[in-house]
Amino acid sequence: MTLASNLRENKAVYTFIGGGDLAAEKVRELPEQVTKARETATKYQGELRETVDKYRGQVREQVLETVGKYRGEVREAATKVQDRVEVKDLPGAAVAYVTHFGTRTVGFIDELAERGKKVVHREAEEVAEITEAKPAPKARAAQQKKTAQTQTKSAASKKTDA
């Protein structure tokens, strides 16, 4: 197999190209999103300051009261959870999480590879169209050389005939 065919069938290459294409797409969307976020922030900035100033004191009092109230409840709940959790169940839960994460990762890599494959084929088609539209420099040179030789032969044959 040639290097080109190895690259064409390599999932890692397609994944890399798909990732680059996805990144380029997101970068193109970025200026519009930044503009929208800036407009929204400017729009609500004054209102937010007023609201924060208005409720600052009340919030502090309520937070301190609520924290004191729930501190004891959290300790009780944590103790109950510790009592219910079986250490022997932890490895199974860890395996389940890792398996789920691995499955999602493989799916994402497959999506990137498919995207990269589409990009490569689209670019290959564009290159093929361009190549068909104008002959390669070597082919043009060979064609020009043949034409020149033909013209030289026909000119020489005319001289011999005369």
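Up top is the structure these notes are about.
Overview of the structure. (Residues numbered from 1 in each chain as written. Predicted model: local features only at pLDDT ≥ 70, side-chain atom pairs only at ≥ 80, totals over all residues. Heavy atoms only, no water.)

Right, let's talk about the overall build of the protein chain for a bit. For the protein chain, the count of helices and strands is four helices and zero strands. Along the chain direction, N to C, the helices and strands of the protein chain fall in the order α-α-α-α. Buried residues in the protein chain amount to 5% of all 162 residues. For the protein chain, the computed accessible surface area is about 14300 Å², with 60% contributed by carbon and sulfur atoms. (Helix = DSSP H or I, 4+ residues; strand = E, 2+ residues; numbered from the N terminus. Buried < 20%, exposed > 50% of the residue type's maximum accessible area, 1.4 Å probe, protein only. Areas by Shrake-Rupley, 256 points an atom, 1.4 Å probe, with all protein chains shown as cover.)

What follows is about the side chain of T15. Summarising the element assignment, T15 is placed in helix 2 (residues 11-84). Owing to a relative accessible area of 15%, T15 belongs among the buried residues under this scheme. At a separation of 2.8 Å, a polar atom in the side chain of T15 contacts the main-chain carbonyl oxygen of K11. Residues contacting T15, with those up to four places away along its chain left out, are I109, L112 and A113. (Polar contact = N/O pair within 3.5 Å; in protein donor to acceptor, adjacent residues only side chain to side chain. Contact = heavy atoms within 4.5 Å.)

Glancing now at the pattern of salt bridges. Applying the stated rule across the entire model yields six salt bridges. Residue K26 is joined to E29 by a salt bridge in which the shortest nitrogen-to-oxygen separation is 3.7 Å. Placement of the pair is K26 and E29 together in helix 2, with a separation of three residues, close to one helical turn. With a shortest N-O distance of 3.6 Å, R56 and D53 are connected by a salt bridge. (Salt bridge = Lys/Arg side-chain N within 4 Å of Asp/Glu carboxyl O.)

Okay, a negative patch on the surface next. Negative charge collects at one region of the surface, where E123, E125, E126, E129 and E132 lie side by side. Topologically, E132 is positioned in helix 3 (residues 90-133). (Patch = residues over 30% accessible without salt bridge, like charges linked within 9 Å, V, L, I, M, F, W, Y side chains within 5 Å. Lys, Arg positive; Asp, Glu negative; His and termini not counted. Charge placed at Lys NZ, Arg CZ, Asp CG, Glu CD.)

Compared with the 110 Å implied by 1.5 Å per residue over 74 residues, the 45 Å span of helix 2 between its first and last C-alpha is markedly short. The largest bend along helix 2 reaches roughly 50° and is located at Y55. Sitting at the head of helix 2, N10 places a side-chain oxygen 2.9 Å from the backbone nitrogen of A12. (Expected span 1.5 Å × (residues − 1). Bend = angle between axes of the 7 residues up to and from the residue.)

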